[in-house]
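What follows is each chain in one-letter form.
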Number of protein chains: 2
Amino acid sequence: MQEKAEQARSEVVVAALREALGPAVVSLPADFAGRRHADSSRMPCAEPIALLRPRTTEQVSTALRICHAHQQSVVTQGGLTGLAGGACMLGGEVALSLELMNAIEEIDPVSATMTVQAGVPLQAVQEAADAAGFMFPLDLGARGSATVGGNLGTNAGGNRVIRYGMMREQALDVEAVLADGSVVGGLRKMIKNNTGYDLKDLLIGSEGTLGVMTRAVLRLRPKPRAVSTAWCGLPDYESVTTLLRLAQERLPAGVSAFEVMWPGYYDFVLATLTELRAPLAGRHAFYVLLESSGADPEGQAAVFESFLGEMLESGTLDDAALAANESHAAAFWAIRDAPGEYGRFLPGRVSFDVSFAVAQVGVAAQHCEARLREQFPDARILIYGHLGDGNLHIVVQEPDWPASASAEVKRIVYGVTGELNGSVSAEHGIGTKKLEVLALSRTPAELAAMRAVKAALDPRGILNPGKIFVSSSERSS
Amino acid sequence: MQEKAEQARSEVVVAALREALGPAVVSLPADFAGRRHADSSRMPCAEPIALLRPRTTEQVSTALRICHAHQQSVVTQGGLTGLAGGACMLGGEVALSLELMNAIEEIDPVSATMTVQAGVPLQAVQEAADAAGFMFPLDLGARGSATVGGNLGTNAGGNRVIRYGMMREQALDVEAVLADGSVVGGLRKMIKNNTGYDLKDLLIGSEGTLGVMTRAVLRLRPKPRAVSTAWCGLPDYESVTTLLRLAQERLPAGVSAFEVMWPGYYDFVLATLTELRAPLAGRHAFYVLLESSGADPEGQAAVFESFLGEMLESGTLDDAALAANESHAAAFWAIRDAPGEYGRFLPGRVSFDVSFAVAQVGVAAQHCEARLREQFPDARILIYGHLGDGNLHIVVQEPDWPASASAEVKRIVYGVTGELNGSVSAEHGIGTKKLEVLALSRTPAELAAMRAVKAALDPRGILNPGKIFVSSSERSS
């Protein structure tokens with residue numbers, strides 16, 4: 001009976017959407033059968049009752065106004081490369097894809113800004129910035145498909161956060177449509193703007209639960225003229241943090257990447273991806289890919305080299321290889337970028353994206369590894385991360401482990417994360433995948449405050465319900 | 001009759017506060033008679049019905065719980081150096097001063113963080129960071145009195161925003177007590193933490209209207225080992241933006257300050273503060289104080305000097321003086337820091353803190369000056385700012401102008417700000433001083449969203465009522 005009523009309601013709202021926006025914008029299941037709606041999280045994903053592909057902010061506004069009136073839930077989708085299930089449908093939702101709003105509207109070289117629509121792929125932004133003599137620093141493996149809207153929705157991170165910050169710091173303003181169809185954000189190009197609450201940073205990282213971001217003003221950076229890269233072997237964790245601090249203090253161009261790899265990761269990657277070559281002879285307790293990008297090709301290279309020499313002399317480094325050219329540097333990065341190949345050789349893996357105070361990362365890794373090893377003596381345990389940001393990635397896999405193993409692995413790693421006051425999601429977001437563990441990183445008072453904000457901006461709970469947390473309106477219904 | 005009821009209610013709530021927290025925390029008007037409660041905004045300020053000086057987060061929580069129960073409004077106060085009236089009392093409020101919560105609780109050199117209580121003065125943070133081998137980059141003239149809590153409440157800016165960002169980017173986490181006494185924020189030290197909504201950035205800059213920030217984890221930066229400073233004279237605004245862009249691209253340590261001064265400011269300051277000396281002979285269309293701070297004393301200085309040479313050769317610069325030592329640099333900065341002396345020689349001035357896209361700053365200044373000059377042919381019009389951030393300060397004064405002039409001056413400058421899609425408050429906040437002009441920089445939908453957030457987190461409207469905007473609960477009462 002209830003199901004029938006629900007079906008009738010769906011038909012009414014889809015008809016209203018078709019009526020207002022036309023079939024070019026609103027397609028029905030028959031039209032998009034077989035189209036992929038799931039993201040990269042490997043979470044279950046239902047089919048939407050309709051797929052909206054608006055071309056303007058006004059169309060997004062119209063769509064939400066109708067959905068709001070009918071209490072119809074909406075899942076906003078970008079490039080579908082998310083890892084936490086934030087763009088998955090739980091059943092009964094309308095999918096709102098920004099894929100046709102993919103224009104770069106303006107590059108303002110004097111203000112060093114780029115105004116874009118949310119559906120533009122990250123790589124297109126990077127390339128347009130480059131062509132205009134700038135750099136857009138956000139970078140991640142899925143750059144070809146991931147969109148700016150998705151990067152905004154999840155507050156994406158990546159390899160260069162240590163120097164340039166997360167997506168929040170790359171956006172000067174965002175335009176967004178709120179649940180009731182009202183439009184906020186004025187595409188302002190100012191770095192300083194203290195006029196009331198920070199709606200921009202509230203919307204960024206809200207994973208589609210507070211509004212649909214439609215356009216953004218991105219901040220462009222000067223293009224580095226020289227990149228210095230080294231592969232380092234270190235004797236212990238203290239040396240790793242010493243290297244980080246001294247590199248930040250002494251390298252004229254600062255540190256643009258500081259990627260740490262534990263030996264389990266390094267050994268596994270080199271043994272598995274046989275096309276890769278070891279940059280150093282011998283084994284070390286830790287490996288670091290150190291990169292410094294700046295404006296002064298000659299001066300920077302000389303200081304970088306003498307800095308490495310000093311670090312070797314003082315014993316902070318066991319050994320180091322300096323990239324003599326771009327292809328050397330690319331070979332170093334290929335070792336760090338091996339996770340892009342996991343699909344081929346690590347079936348059934350459990351992956352983590354956690355963060356800690358930098359001073360705690362070493363002990364966190366140690367605890368996780370020891371406790372995992374106790375329960376799963378034969379498991380592959382790969383640990384690596386962006387140390388400057390406290391961000392640790394942990395991947396655990398065993399070829400033939402029982403179905404129950406995954407839950408136990410999560411219990412162990414998230415347990416350590418909670419104990420050490422870490423974050424259960426450093427850069428991937430919560431989506432549906434981390435719903436259950438969010439409370440390890442957020443107090444009940446914080447969750448209550450988030451729910452209050454959600455209820456205030458989306459009182460009918462139509463925007464991406466069931467993501468991040470179960471909102472108060474959903475709980476009461 | 002209503003006044004009597006209000007008086008009785010006040011007495012009840014003050015008695016409850018005294019009962020719960022004791023007279024050492026809660027003082028009465030008789031105890032603090034003559035004490036200064038006004039901030040630096042020159043706005044009218046009433047006396048509070050009681051002054052609370054808690055020593056712990058728990059005491060703040062108890063205080064707010066009681067105020068919430070009695071619907072008693074509360075104004076949080078830091079160092080009282082605010083320029084927008086955010087810490088002023090309108091009448092009938094309790095003042096909550098964080099002055100006794102002024103400890104530096106921890107410095108974690110490995111994580112490069114400092115955990116502090118909100119009442120610690122900015123300068124104490126800077127000095128402790130320096131002693132620990134780091135830098136805390138936020139800096140502003142009132143550093144000796146301004147507190148971290150006030151810097152957080154207003155999202156303070158200052159001279160180094162171009163390199164390090166506003167206060168939001170200096171805080172990794174904040175602990176805050178919400179209106180109902182609940183405590184949010186876990187003093188986490190992570191740069192990356194994508195676990196739900198960004199409550200931190202929502203609280204920062206909310207001017208005491210969403211919560212009382214009690215502690216914070218601040219991010220420390222590597223201490224620069226070398227500072228290069230130059231005073232530049234330029235022929236036109238295009239040259240100013242060219243210099244900015246090329247300096248950001250080519251200086252190995254980037255740009256740590258880019259302060260632009262229009263000739264009206266320069267001439268007035270040198271004529272008035274006769275102890276200052278002109279760094280360059282001759283007059284120029286624009287003056288720029290350029291600073292680059294980095295890690296490589298020799299390399300940096302050489303590139304800085306040759307960069308200035310190139311800029312002179314290409315005609316981007318008319319003339320330039322390089323600071324040969326720290327006292328030269330201090331002499332340059334003294335010209336830029338002259339606003340600290342306005343109290344002595346610019347009575348009755350009207351001051352603005354506005355921002356624009358960098359590409360619009362020049363035309364904004366031009367429009368403001370032309371329209372002001374038309375109405376006030378004899379006025380002093382001083383224009384200067386942090387160009388890299390689009391932040392313009394405009395000061396207008398005439399010795400004997402009529403009382404009506406101030407409103408007309410504001411109408412002109414804010415009019416231009418609205419027309420050019422600028423911000424009516426770049427770094428000072430809204431407080432009570434800019435209540436009326438907020439709508440020039442924020443749309444009705446944005447103000448509605450802010451009001452909804454306010455009502456969600458402070459449903460009884462007790463936190464700093466009448467600041468930023470008239471909240472919905474106040475409107476309905």
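The name given to chain A in an unreviewed UniProt entry is FAD-binding protein, and the organism recorded there is Paraburkholderia acidisoli. The Cofactor (unreviewed entry) comment attached to chain A in UniProt states, word for word, "FAD". The record in UniProt for chain A states the following under Sequence similarities (unreviewed entry): "Belongs to the FAD-binding oxidoreductase/transferase type 4 family."

## Observations concerning the overall build of chain A
The helix and strand inventory of chain A stands at 17 helices and 18 strands. Its C-alpha atoms give chain A a radius of gyration of 23 Å, within 12% of the compact-globule value 23 Å for 477 residues. Long-range contacts, defined as pairs at least 24 residues apart, comprise 72% of the intrachain contacts of chain A with a sequence gap of at least 6. Carbon together with sulfur atoms contributes 51% to the accessible area of chain A, which is approximately 17,400 Å² in total. Averaging the locations of the 42 positively and 54 negatively charged side chains of chain A gives two centres separated by 5 Å.

## Comments concerning the packing of aromatic side chains
Applying the stated criterion across every chain yields a total of 24 aromatic pairs over all chains. Members of the aromatic cluster, each reached through a chain of ring pairs, are W231, Y266, Y287 and F332 of chain A.

## Comments concerning the sheet that holds strand β13 (residues 257-261) of chain B
Residues and elements named next belong to chain B. The seven strands lie next to each other as β15-β12-β14-β13-β17-β18-β16, forming an open sheet whose pairing is antiparallel. Two strands in the sheet have a free side with no partner beyond their single neighbour: β15 (319-322) and β16 (350-355). Here the average twist between neighbouring strands, direction ignored, is 15 degrees. When β13 meets strand β14 (residues 286-294), the two strands line up antiparallel, connected through five bridges. Across the sheet, residue M261 finds its bridge partner in β14, namely Y287. Docked against the sheet, helix α8 (residues 237-250) engages β12 (226-234), β13 and β14, running at close to 5 degrees with respect to β14.

## Remarks on the nonpolar core
Ranked by internal contacts, the top residues of the largest apolar core, which has 182 residues, are F258 and L290 of chain A together with F258 and L290 of chain B. Setting aside its immediate chain neighbours within four residues, F258 of chain A contacts I162, V240, L243, L244, V288, L289, L290, G385, H386, L387 and G388 of chain A.

## Notes on the UniProt feature "domain: FAD-binding PCMH-type" (unreviewed entry) in chain A
According to UniProt, the positions carrying the feature "domain: FAD-binding PCMH-type" (unreviewed entry) are residues 44-223 of chain A. The straight-line gap between the two end C-alpha atoms of residues 44-223 of chain A is 41 Å; of that span, 22% is helix and 23% is strand.

## Regarding the relation of the copies chain A and chain B
Between the two copies, chain A and chain B, the superposition gives an RMSD of 0.0 Å; the rotation angle is 180 degrees and the shift along the axis is 0.0 Å. Look at the turn and shift together and you get a two-fold axis relating the two. In this assembly, 100% of the residues forming the interface of chain A have copies in chain B that are likewise at the interface, indicating an isologous arrangement.

## Quick word on the domain arrangement of chain A
Residue and element names in this part refer to chain A. Under the domain assignment, chain A is made up of domain 1 (2-99), domain 2 (104-222), domain 3 (226-339) and domain 4 (346-440). A C-alpha centroid distance of 33 Å is found between domain 1 and domain 4. Each partner contributes to the interface: domain 1 provides eight residues, whereas domain 4 provides eight residues. Where domain 1 abuts domain 4, roughly 680 Å² becomes buried across the two surfaces, and 54% of that area is made up of carbon and sulfur atoms. Of all residues in domain 1, R42, L83 and A84 give up the largest surface area on contact with domain 4, accounting jointly for 66% of the area buried on that side. Counting across the domain 1 and domain 4 interface gives zero salt bridges.

## Description of the sheet that holds strand β3 (residues 74-77) of chain A
Residues and elements named next belong to chain A. Strand order in this open sheet of four strands is β1-β2-β4-β3, and the pairing throughout is mixed. Looking at the sheet topology across the chains shown, the edges are occupied by β1 (26-27) and β3. Pairing between β3 and strand β4 (residues 94-97): four bridges, direction parallel. Paired with Q77 across the two strands is S97, which belongs to β4.

## Here we look at the side chain of H393 of chain B
Among the structural elements, H393 of chain B can be located in strand β18 (residues 391-397). Only 3.3 Å separates the side chain of H393 of chain B from the side chain of E427 of chain B, close enough to count as a polar contact.

## Re the interface of chain A and chain B
Across the contact, 89 residues belong to chain A and 89 residues belong to chain B. Carbon and sulfur atoms make up 56% of the surface buried where chain A meets chain B, a total of about 6,900 Å² over both sides. It is K192, N194 and Y197 of chain A that lose the most area in chain A upon contact with chain B, and together they represent 16% of the buried surface on that side. Here chain A is connected to chain B by eight salt bridges. The interface formed by chain A and chain B contains 42 residue pairs in polar contact (both at pLDDT 80 or more). Where the side of chain A that touches chain B is concerned, the elements lending two or more residues are α6 (161-164), β9 (183-184), α7 (199-203), α8 (237-250), α13 (358-375), α15 (438-441) and α16 (444-457) of chain A. Here the side of chain A that touches chain B gets nine residues from one element, more than from any other, and that element is α16 of chain A. Partitioning the side of chain A that touches chain B into residue classes produces 40 nonpolar, 30 polar and 19 charged.

## Section: the pattern of salt bridges
Scanning the model with the defined rule gives 48 salt bridges over all chains in all. In this structure, D267 of chain A and R283 of chain A form a salt bridge, with 2.3 Å as the shortest nitrogen-oxygen distance. Residue D267 of chain A is located in helix α9 (residues 263-272), and its partner R283 of chain A is located in the loop between α9 and β14 (286-294); the two are separated by 16 residues in the primary sequence. For D267 of chain A, a relative accessible area of 29% gives the class partly exposed. Relative accessible area serves as the criterion here: at 57%, R283 of chain A is assigned to the exposed category. Between R245 of chain B and E249 of chain B there is a salt bridge, with the nearest N and O atoms lying 3.3 Å from each other. One end of the pair, R245 of chain B, and the other, E249 of chain B, are both in helix α8, four residues apart, so they sit about a helical turn from each other. Accessibility expressed as a relative area gives 16% for E249 of chain B, which makes it buried. In this structure, a network of salt bridges that share partners links the residues D173 and R188 of chain A together with R442 and E446 of chain B.

## Description of the pairing of strand β5 (residues 104-108) of chain A
All names here are of chain A. Relative to strand β6 (residues 113-117), β5 runs antiparallel, the two sharing four bridges. In the strand pairing of β6, D108 is matched with T113. As consecutive antiparallel partners, β5 and β6 are separated by four residues, and within that stretch A112 has a phi angle of approximately 55 degrees, a positive value.

Rules used throughout
Residues numbered from 1 in each chain as written. Chains lettered and ligands numbered in written order. Predicted model: local features only at pLDDT ≥ 70, side-chain atom pairs only at ≥ 80, totals over all residues. Heavy atoms only, no water. UniProt positions renumbered as here; feature names shortened; annotations may be inferred. Helix = DSSP H or I, 4+ residues; strand = E, 2+ residues; numbered from the N terminus. Rg over C-alpha atoms; globule rule 2.2 N^0.38 Å. Contact = heavy atoms within 4.5 Å. Areas by Shrake-Rupley, 256 points an atom, 1.4 Å probe, with all protein chains shown as cover. Lys, Arg positive; Asp, Glu negative; His and termini not counted. Charge placed at Lys NZ, Arg CZ, Asp CG, Glu CD. Phe/Tyr/Trp six-rings, centres within 6.5 Å; stacked < 30°, edge-to-face > 60°. Pairing = 2+ DSSP bridges. Axes fitted to C-alpha atoms, helices over the stretch in contact; angles between N-to-C directions. Core = buried A, V, L, I, M, F, W, Y, C linked by side-chain atoms within 4.5 Å. Buried < 20%, exposed > 50% of the residue type's maximum accessible area, 1.4 Å probe, protein only. Least-squares fit on C-alpha atoms with pLDDT ≥ 70 in both. Domains from an automatic or database assignment. Buried area = accessible area lost by both parts, 1.4 Å probe. Salt bridge = Lys/Arg side-chain N within 4 Å of Asp/Glu carboxyl O. Polar contact = N/O pair within 3.5 Å; in protein donor to acceptor, adjacent residues only side chain to side chain. Nonpolar A, V, L, I, M, F, W, Y, C, P; charged D, E, K, R; others polar.

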